[in-house]
Amino acid sequence: MWDDLKTLAAARDGRRIDALFAEDPARAASFSIEQDGMLFDFSKTQLDAEFLAALIAVAEGAGVEARREAMFSGAKINETEGRAVLHTALRNLAGTPVEVDGKDVMPEVLDTLARMEALASEIRGSGITDVVNIGIGGSDLGPKMGTLALAPYHDGPRCHFVSNVDGADIADTLKRCPAETTLFIIASKTFTTIETMTNARTAWDWLEGQGVATDGRFVALSSNHEKAADWGIPAERVFGFEDWVGGRYSMWGPIGLSMMIAIGPDDFRAFLEGGAAMDAHFREAPLAGNMPVMLALVGMWHNQVLGHATRAVLPYDNRLSRLPAYLQQLEMESNGKGVGMDGADLDCNSGPVVWGEPGTNGQHAFYQLIHQGTRVVPCEFMVAARGHEPALKHHHALLVANCLAQSEALMRGRSLDEARSKVAGQFEGDELERQARHRVVPGNRPSTTLVYPLLDPRTLGRIVALYEHRVFVEGVILNINSYDQWGVELGKELATALGPMVTGEQDPGDKDGSTQALLTFLHRNAS
Ligand SMILES: O=P(O)(O)OC[C@H]1O[C@](O)(CO)[C@@H](O)[C@@H]1O
């Protein structure tokens with residue numbers, strides 16, 4: 001399927017993006033999607049009408065539409081784990097029935113939401129000053145990213161996020177928390193994750209050590225009610241969710257509690273409404289005008305067709321500074337798979353490496369490579385039409401100007417002639433030529449730009465759901481299971497086995513030479 005597109009692309013090799021604009025002055029309109037005040041512009045890519053048609057045919061051929069319906073209607077599309085994939089139900093505020101194994105899941109979803117809202121309101125109205133969410137991966141990245149993104153709406157207690165098993169994380173956090181007025185949220189779908197359970201125990205011991213009663217100071221967010229009860233959390237303080245909510249898709253439900261406490265139940269509902277609005281668009285819009293579908297197809301064009309191994313997510317929105325990290329899990333844990341649903345090796349690249357930093361900071365760090373390095377890095381810019389600081393409009397204008405300048409620079413570059421005229425007054429002869437060559441920027445580097453009105457709760461919901469559905473579409477086309485993560489298991493097993501070797505309780509005799517040497521060195525330098 002990719003071979004035809006690769007052949008087509010090879011035949012057009014060398015054709016420049018700026019030439020496409022010269023050929024078709026209305027290109028910006030044809031290669032973009034505007035939906036409910038949000039614009040996804042993919043005109044600064046090498047895509048033309050023929051490529052686009054071929055990509056849409058790929059999506060049709062892969063059965064994206066049928067699979068999409070299967071997901072929304074509760075079919076068990078997570079085939080390796082035999083589970084439905086229904087994070088969309090968590091934001092189905094209308095409560096339209098969604099059945100799993102013949103049972104409507106919505107009454108329980110809405111009941112849990114109401115319980116969360118009651119607790120959030122109680123905590124916001126109590127003397128609790130600090131909330132510490134202890135979780136990792138999907139039980140950390142979503143609420144952490146969202147709480148920062150929605151800082152202008154944050155009117156509840158301070159929120160902290162502890163994830164790393166490195167004791168530095170919890171130690172540094174606890175220093176900032178008054179023991180008498182701090183609440184801990186243990187967020188773990190399985191309630192077995194070693195990092196989270198170790199940090200939770202340390203928090204419990206700390207509270208006791210400070211002479212503060214632990215009663216009412218711990219809340220659990222988990223699918224594993226039994227383990228939460230064993231841990232000593234009373235049932236009314238446990239907020240459950242079903243196995244059809246994947247960890248990295250879970251910020252819409254109980255895992256979002258810290259964010260709800262921060263911004264309040266009403267704004268959290270607005271976030272859910274935003275997600276639901278994107279669901280409706282994704283479910284109903286034809287493929288060619290469907291934002292998540294086109295975001296996916298543009299990404300696959302760059303990765304699976306043109307072979308660009310990474311993509312940079314570059315939000316020109318400082319409050320989205322954790323979005324790249326959030327998307328790393330969402331995209332790489334979902335689509336970083338080497339075998340298809342049928343167990344056969346993929347015959348193309350799996351999902352790309354996703355990375356990024358907010359602009360303009362990144363410009364002063366790694367953009368040099370993006371502009372002049374030998375590898376092409378497709379860039380995904382994001383920017384709000386307006387900011388939350390009316391008194392600082394000049395900052396926002398500079399931010400937007402920088403965002404647009406970068407995509408323009410990537411596309412047009414600077415030719416040798418232009419570079420020569422830049423330095424003509426300073427150098428002559430061979431030195432002029434040498435200096436000019438250093439200033440050439442090849443250009444013809446693809447980027448997309450997502451423009452949204454304002455980073456408010458509803459818009460954040462739309463953005464997160466947009467990326468979730470992009471991952472879904474890419475997964476369907478690759479025919480992989482985007483909803484398991486077996487690749488992370490081996491490292492966990494080996495870490496468990498290595499624990500007693502690190503403490504010196506067990507001899508590392510059967511380990512490879514490198515691991516043995518590292519252990520020896522660590523032991524020698526540990527005291
Ligand atoms: O919520 P849990 O069960 O603690 O898991 C945390 C994270 O660990 C993973 O399973 C990967 O190890 C993620 O998928 C998940 O988000």
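Residues numbered from 1 in each chain as written. Predicted model: local features only at pLDDT ≥ 70, side-chain atom pairs only at ≥ 80, totals over all residues. Heavy atoms only, no water.

Trainee: Outline the sheet that holds strand β13 (residues 447-452), supporting the account with residue identities and numerical values.
Mentor: The sheet built from six strands is open, its strands ordered β1-β2-β13-β12-β10-β11 with mixed pairing. Two strands close off the open sheet at either side, each with one partner strand: β1 (32-35) and β11 (353-355). Direction aside, neighbouring strands of the sheet carry axes that sit 15° apart on average. Pairing analysis gives five bridges linking strand β10 (residues 310-316) to strand β12 (residues 379-384), with the strands arranged parallel. Within the sheet, the bridge partner assigned to Y316 lies in β12 and is V383. In this fold helix α13 (residues 291-305) packs onto β1, β2 (38-41), β10, β12 and β13, with an angle of close to 25° to the strand it touches most, β2. In the packing of helix α16 (residues 393-412) onto the sheet, the strands contacted are β10, β12 and β13, and the crossing angle to β12 comes to about 160°. (Pairing = 2+ DSSP bridges. Helix = DSSP H or I, 4+ residues; strand = E, 2+ residues; numbered from the N terminus. Axes fitted to C-alpha atoms, helices over the stretch in contact; angles between N-to-C directions. Contact = heavy atoms within 4.5 Å.)

Trainee: Let's hear about α13: which residues, and what values?
Mentor: Between its terminal C-alpha atoms α13 stretches 20 Å, which fits the 21 Å expected from 15 residues at 1.5 Å a residue. Burial of α13 is extensive: 15 of the 15 residues sit out of reach of the surface. Immediately beyond the C-terminal end of α13, within one or two residues, lies G307, with a positive phi of roughly 80°. (Expected span 1.5 Å × (residues − 1). Buried < 20%, exposed > 50% of the residue type's maximum accessible area, 1.4 Å probe, protein only.)

Trainee: Tell me about the UniProt feature "active site" (unreviewed entry) in the chain, residues and numbers included.
Mentor: The positions UniProt marks with the feature "active site" (unreviewed entry) are E333, H364 and K492. Considering the C-alpha atoms alone, the annotated residues occupy 160 residues of sequence and remain spread out, their largest mutual distance being 36.6 Å. As for the annotated residues named above, the ones lining the largest pocket are E333 and K492. Mapped onto the fold, H364 is located in the loop between β11 and α15 (367-372). The exposure class assigned to H364 is exposed, which follows from its relative accessible area of 70%. Here K492 shows up in helix α20 (residues 489-503). The class of K492 is partly exposed, set by a relative accessible area of 47%. (UniProt positions renumbered as here; feature names shortened; annotations may be inferred. 1 Å grid on protein atoms, 1.4 Å probe; cavity = no way out; pocket = protein on both sides within 12 Å on 5 of 7 lines; lining within 4 Å.)

Trainee: Go over the layout of surface pockets with me, naming the residues and quoting the values.
Mentor: If you add up the space inside the largest pocket, you get close to 1,100 Å³. In this structure, the largest pocket is lined by 39 residues; those nearest its centre are T190, T193, V488, E489 and K492. Where the lining of the largest pocket is concerned, the elements lending two or more residues are α9 (194-209), α14 (323-335) and α20. Broken down by element, the lining of the largest pocket gets its largest block of residues, five residues, from α20. Here the residues of the lining of the largest pocket are counted per class, giving 13 nonpolar, 17 polar and nine charged. For the lining of the largest pocket, the domains that each give at least three residues are domain 2 (87-263) and domain 3 (489-525). (Points joined across faces, edges and corners; volume = space filled by probe spheres on them. Nonpolar A, V, L, I, M, F, W, Y, C, P; charged D, E, K, R; others polar. Domains from an automatic or database assignment.)

Trainee: How would you sum up unusual backbone geometry? Please name residues and give values.
Mentor: Note the cis peptide between G359 and T360, where omega equals 10°. The topology assignment puts T360 in the loop between β11 and α15. The residue F191 is not glycine, and still its phi comes out positive at about 60°. Within the secondary structure, F191 is located in the loop between β7 (182-187) and α9. Here the phi dihedral of N444 falls at roughly 60°; this positive angle occurs in a residue that is not glycine. You can see N444 is positioned in the loop between α18 (429-438) and β13. Residue N444 is classed as buried on the basis of its relative accessible area of 17%.

Trainee: Tell me about the environment of G475, and name the residues and values.
Mentor: You can see G475 is positioned in helix α19 (residues 457-478). Looking at G475, the relative accessible area reads 1%, which means it is buried. When the C-alpha positions of G475 and G275 are compared, they lie 20 Å apart, and in sequence the two are 200 residues distant. Not counting the four nearest positions on each side in its chain, G475 is found in contact with N335, I480 and S482.

Trainee: Tell me about the packing of aromatic side chains, and please be specific about residues and values.
Mentor: For any pair of aromatic rings, the description consists of the separation of the ring centres together with the inter-plane angle of the planes. If you walk through the whole model with that rule in mind, you get 16 aromatic pairs. Judged by centre distance (5.3 Å) and plane angle (45°), the rings of F366 and Y367 are tilted. Y367 carries the same exposure label as F366, and that label is buried. Through a chain of ring-to-ring contacts, three or more aromatic side chains come together here, namely F184, W204, W206, F218 and W231. Stacked on the ring of W231, the Lys or Arg R201 has its end atom at 4.5 Å from the ring centre. (Phe/Tyr/Trp six-rings, centres within 6.5 Å; stacked < 30°, edge-to-face > 60°. Lys NZ or Arg CZ within 6 Å of the ring centre and 35° of its normal.)

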